[in-house]
Amino acid sequence: MTLIATDGFKPQQAAAANLQNRRRSGARVRLGPGPAIPFGLQIGSLALLVLWTLGSALGLIDPRILSAPWTVLDAFRQLIADGRLQDHFGVSAYRAVTGLVIGVAIGTVLAIIAGLSRIGEALIDGPIQIKRAVPTLALIPLLMLWFGIGEEMKIITIVLAVIVPIYIHTHNALRGIDNRYVELSETLNLSRWAFIREVVLPGAMPGFLLGLRFAVTLCWVSLVVVEQINATSGLGYMINLARTYGQTEIIIAGIVVYAVLGLASDAAVRFIERRTLSWRRTLSQ
Amino acid sequence: MAPHTVAVNPNPVVRTQDLYRGFNGRTILSGLDLHIQRGEFVALLGRSGSGKSTFLKALAELDHEVEGSGTLDVPENRSVVFQDARLLPWRNVLQNVTLGLAGANDAGRRMLREVGLAGRENSWPVELSGGEQQRVALARSLVRDPDLLLADEPFGALDALTRIKMHALLRQLCARHQPAVLLVTHDVDEAITLADRILVLEEGSFIEDLQVDLPEPRDHGDPRFGQLRRHLLSRLGVAAH
Ligand SMILES: Nc1ncnc2c1ncn2[C@@H]1O[C@H](COP(=O)(O)OP(=O)(O)OP(=O)(O)O)[C@@H](O)[C@H]1O
Ligand SMILES: [Mg+2]
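The rules behind these values
Residues numbered from 1 in each chain as written. Chains lettered and ligands numbered in written order. Predicted model: local features only at pLDDT ≥ 70, side-chain atom pairs only at ≥ 80, totals over all residues. Heavy atoms only, no water. UniProt positions renumbered as here; feature names shortened; annotations may be inferred. Helix = DSSP H or I, 4+ residues; strand = E, 2+ residues; numbered from the N terminus. Buried < 20%, exposed > 50% of the residue type's maximum accessible area, 1.4 Å probe, protein only. Contact = heavy atoms within 4.5 Å. Areas by Shrake-Rupley, 256 points an atom, 1.4 Å probe, with all protein chains shown as cover. Lys, Arg positive; Asp, Glu negative; His and termini not counted. Charge placed at Lys NZ, Arg CZ, Asp CG, Glu CD. Phe/Tyr/Trp six-rings, centres within 6.5 Å; stacked < 30°, edge-to-face > 60°. Lys NZ or Arg CZ within 6 Å of the ring centre and 35° of its normal. Axes fitted to C-alpha atoms, helices over the stretch in contact; angles between N-to-C directions. Left-handed = near helix turned anticlockwise from the far one by under 90°. Nonpolar A, V, L, I, M, F, W, Y, C, P; charged D, E, K, R; others polar. Pairing = 2+ DSSP bridges. Core = buried A, V, L, I, M, F, W, Y, C linked by side-chain atoms within 4.5 Å. Expected span 1.5 Å × (residues − 1). Arc of directions from axis to C-beta. Buried area = accessible area lost by both parts, 1.4 Å probe. Salt bridge = Lys/Arg side-chain N within 4 Å of Asp/Glu carboxyl O. Polar contact = N/O pair within 3.5 Å; in protein donor to acceptor, adjacent residues only side chain to side chain.

The name that an unreviewed UniProt entry assigns to chain B is ABC transporter ATP-binding protein, with the source organism given as Paracoccus caeni. Recorded under Sequence similarities (unreviewed entry), the UniProt text for chain B is reproduced unchanged: "Belongs to the ABC transporter superfamily."

By the naming in an unreviewed UniProt entry, chain A goes by ABC transporter permease and is assigned to Paracoccus caeni. The Sequence similarities (unreviewed entry) comment attached to chain A in UniProt states, word for word, "Belongs to the binding-protein-dependent transport system permease family." Of the comments in the UniProt record for chain A, the one headed Function (unreviewed entry) reads "Probably part of an ABC transporter complex. Probably responsible for the translocation of the substrate across the membrane."

A few words on the overall build of chain B. If you tally the helices and strands in chain B, you get seven helices and nine strands. If one aligns the C-alpha atoms of chain B with their principal axes, the spans along those axes are about 45 × 45 × 35 Å. The buried share of chain B, reckoned over its 241 residues, is 54%. In chain B, once contacts between residues fewer than 6 apart in sequence are set aside, the share between residues at least 24 apart is 72%. Of the roughly 10,700 Å² that chain B leaves accessible, carbon and sulfur atoms contribute 47%. Within chain B, one finds 27 positive and 32 negative side-chain charges whose respective centroids are separated by 4 Å.

With that settled, the discussion passes to the packing of aromatic side chains. Per the counting criterion, the structure on display carries four aromatic pairs over all chains. Aromatic side chains A:Tyr181 and B:Trp90 sit 5.6 Å apart centroid to centroid with 65° between the ring planes, which places their arrangement in the edge-to-face category. Of this pair, A:Tyr181 sits in helix 9 (residues 179-187) while B:Trp90 sits in the loop between strand 5 (78-81) and helix 2 (93-97), on two different chains. Exposure class is identical for A:Tyr181 and B:Trp90. Each is buried. Relative to B:Trp90, the ring of A:Trp279 lies with its centre 5.5 Å away and its plane at 70°, an arrangement referred to as edge-to-face. Note that A:Trp279 is positioned in the segment after helix 12 (248-276) and B:Trp90 in the loop between strand 5 and helix 2, a pairing that runs across two chains. Its relative accessible area of 7% is what places B:Trp90 among the buried residues. A connected cluster of aromatic rings, assembled from ring pairs, spans A:Tyr181, A:Trp279 and B:Trp90. The cationic tip of A:Arg180 hangs over the ring face of A:Tyr181; the distance from NZ or CZ to the ring centre is 5.6 Å.

Turning our eyes to something else, we now look at the packing of helix 5 (residues 84-116) of chain A against helix 8 (residues 151-175) of chain A. The relative placement of two packed helices comes down to the angle between their axes together with the axis-to-axis distance. All names here are of chain A. Relative orientation of the contacting elements helix 5 and helix 8 amounts to 35°, with a least axis distance of 6 Å. Classified by chirality, the crossing of helix 8 by helix 5 is right-handed. Here the residues of the contact of helix 5 with helix 8 are counted per class, giving 19 nonpolar, eight polar and four charged.

Let us now look at the sheet that holds strand 1 (residues 14-23) of chain B. Residues and elements named next belong to chain B. In spatial order, the strands read 2-1-4; together these three strands make up an open sheet with antiparallel pairing. Strand pairing shows two members of the sheet lacking a second neighbour, strand 2 (26-36) and strand 4 (67-73), which therefore form its edges. Averaged over all neighbouring strand pairs, the angle between strand axes comes to 10°, with direction disregarded. Bridge analysis of strand 1 against strand 4 gives six bridges, and the strand direction is antiparallel. Paired with glutamine 17 across the strands is threonine 71, a residue of strand 4. Contacting strand 1, strand 2 and strand 4, helix 1 (residues 52-60) crosses the sheet at an angle of about 125° to strand 1.

If you look at the biggest cluster of nonpolar residues, it comprises 79 residues, and the most contacted ones within it are B:Phe55 and B:Leu182. For this core, the element with the most residues is helix 10 (residues 192-229) of chain A, which contributes 15 residues. In this structure B:Phe55 touches B:Thr16, B:Leu19, B:Leu29, B:Leu32, B:Leu34, B:Leu44, B:Leu182 and B:Phe206, once residues within four positions along its chain are discounted. Residues B:Leu87, B:Val115, B:Ala139 and B:Val212 belong to the second largest nonpolar core, which totals 46 residues.

Here we take up the UniProt feature "domain: ABC transporter" (unreviewed entry) in chain B. The sites that carry the UniProt feature "domain: ABC transporter" (unreviewed entry) are, in the present numbering, residues 14-228 of chain B. Within the segment residues 14-228 of chain B, helix and strand shares are 32% and 28% respectively, and the terminal C-alpha atoms sit 26 Å apart.

Residues and elements named next belong to chain A. Counted at 1.5 Å a residue, the expected span for helix 4 (residues 69-81) with its 13 residues is 18 Å, and the 18 Å between its end C-alpha atoms agrees. Buried within helix 4 we find Pro69, Val72, Ala75, Phe76 and Leu79. Angular distribution of buried residues about the axis of helix 4 spans 115°; they occupy a single face of the element. Seen from the buried face of helix 4, the exposed residues on the opposite side, beyond 90 degrees, are Arg77, Gln78 and Ala81. The inward-facing, buried residues of helix 4 abut helix 3 (43-57), helix 5, helix 11 (235-244) and helix 12. Following helix 4 by one or two positions, glycine 83 has its phi on the positive side, about 80°.

UniProt annotation of "domain: ABC transmembrane type-1" (unreviewed entry) refers to residues 89-269 of chain A when read in the numbering used here. Taken end to end, residues 89-269 of chain A has its terminal C-alpha atoms 21 Å apart, with 88% of it in helix and 0% in strand.

A few words on the sheet that holds strand 7 (residues 180-184) of chain B. The strands making up a sheet are joined through hydrogen bonds of the backbone, oriented either antiparallel or parallel. Residue and element names in this part refer to chain B. Spatially, six strands are ordered 5-6-7-3-8-9 in an open sheet, and the strand pairing comes out mixed. For this open sheet the edge positions go to strand 5 and strand 9 (205-211), each flanked by a neighbour on one side alone. Within this sheet the neighbouring strands show an average axis-to-axis angle of 15°, counted without direction. Each of strand 3 (41-46), strand 8 (197-202) and strand 9 is contacted by helix 7 (residues 223-235), which is oriented at about 175° to strand 9, the strand it contacts most.

Glancing now at the interface of chain B and chain A. Counting from both sides, the interface comprises 21 residues of chain B and, opposite them, 17 residues of chain A. When the area that chain B buries against chain A is broken down by residue, the three leading residues are B:Arg86, B:Trp90 and B:Leu99, summing to 32%. Remark: the boundary between chain B and chain A carries four salt bridges. Two residues, B:Lys57 and A:Glu183, come together in a salt bridge whose shortest N-O distance is 3.4 Å. The interface formed by chain B and chain A holds eight residue pairs in polar contact (both at pLDDT 80 or more) in total. Grouping the amino acids of the side of chain B that touches chain A by side-chain chemistry returns ten nonpolar, two polar and nine charged.

Encoded structure:
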């Protein structure tokens with residue numbers, strides 16, 4: 001057998017055999033979604049971008065309604081050149097991240113207290129459900145009365161928004177932890193703290209991470225709301241100002257920043273999810 | 001061989017007296033008295049629903065919400081092997097074995113070697129077969145060096161071949177670590193193969209309490225094995241062939 005003869009022939013043959021093999025034994029239908037597509041989660045967003053570009057280039061989209069991508073790019077260049085975008089972004093990021101961190105911490109602690117004690121649940125669960133039913137926009141006038149119109153009010157608004165999904169999903173997952181693990185922990189004489197560390201937190205982790213995915217986008221969303229009502233800096237303020245002067249391309253530039261932030265935050269949480277939940281065998285793997 | 005009743009030893013590891021347990025006013029265990037010695041391997045037989053698990057849970061002090069009375073004297077250091085392996089899916093094999101123990105990694109590794117799972121320390125529980133998971137559960141129980149090992153049909157979910165291997169392993173480990181053992185089982189052969197003493201629970205009391213004096217390893221072909229088997233099956237209300 002020579003190398004030259006097999007070269008370029010064998011792989012084809014192998015592929016064909018493989019295909020036949022798959023057909024014959026492929027009577028069993030695969031019900032899972034199958035292996036992951038590389039960068040699969042970005043495909044939808046990219047398609048949207050392509051549509052936008054094509055529509056503008058072919059003149060199908062009126063620039064007064066939606067600026068063309070290159071106009072928005074120009075606006076970006078301008079905003080970055082005079083440092084406005086960096087400044088506004090910095091201020092917004094500080095508010096969002098501070099609110100997120102505080103909200104996640106409070107939401108998690110509340111969920112654990114409500115999940116592990118009946119009295120805690122009786123005290124905490126109701127108010128959270130009420131907060132969930134009241135829109136942030138309706139709360140802001142009250143928060144302005146209580147905390148003024150400075151940074152405090154803005155961050156508290158974000159904290160309140162973030163607490164809800166973190167609490168709901170963590171609490172739900174925590175209550176769903178199999179009672180057999182509780183029994184096991186009792187027979188192993190685990191202390192309360194060891195029980196929380198070894199069983200409660202890892203068991204509630206899938207729910208917590210789902211809550212976190214809602215929370216990361218929610219903190220940016222609430223930011224727009226607070227920054228458009230009363231602010232002199234931040235991305236929301238920048239967009240609001242552009243609206244006053246009719247600068248569509250700056251509005252869209254702001255929206256693009258939000259979109260990228262939203263996608264990036266979600267990707268970050270999914271990354272954490274993959275790392276911390278590697279013990280699972282689920283549909284997504 | 002004529003089964004005989006045990007004499008009471010002055011220094012038991014487990015002591016129950018007049019133990020009563022019930023559900024919704026229905027008596028399940030009525031006044032059980034039992035002593036188990038250190039190193040003694042006791043098998044508990046009984047029909048389905050006779051209260052075996054209820055008794056085991058009482059000894060494990062896992063029956064918080066069950067009506068009951070009586071005195072119960074069990075060692076603080078006891079372990080339970082459940083019917084399911086009950087490993088935490090989010091902890092690897094070694095972490096499961098040493099769960100709740102600080103600085104026990106070396107002991108955990110040694111124990112995993114004893115149950116034949118050296119090299120699997122970092123696997124996730126989902127990556128193990130049923131028998132392997134049950135061996136991890138056994139390692140988790142024994143690494144604590146318990147004075148009392150409670151097991152509720154620990155091998156019920158295993159195939160016959162794996163079960164035979166697990167029997168040999170359990171016998172060997174118990175001989176080495178010398179805990180008192182209470183093994184709940186449906187399987188008469190399993191009870192005779194493993195136990196020093198066999199109890200039969202029926203209508204809330206022990207209707208049988210006998211020593212097994214067969215030489216080890218126990219041979220199913222031994223006529224005394226068959227005789228004991230027939231006796232126990234008839235006590236369980238099964239026609240013996
Ligand atoms: N939580 C409960 N509430 C009400 N009745 C119960 C409860 N747990 C057990 N019982 C009843 O107590 C009786 C004894 O149950 P137990 O689980 O101890 O039986 P068992 O001997 O272990 O049976 P098996 O061999 O099928 O496991 C059964 O009739 C059962 O229906
Ligand atoms: Mg049972």
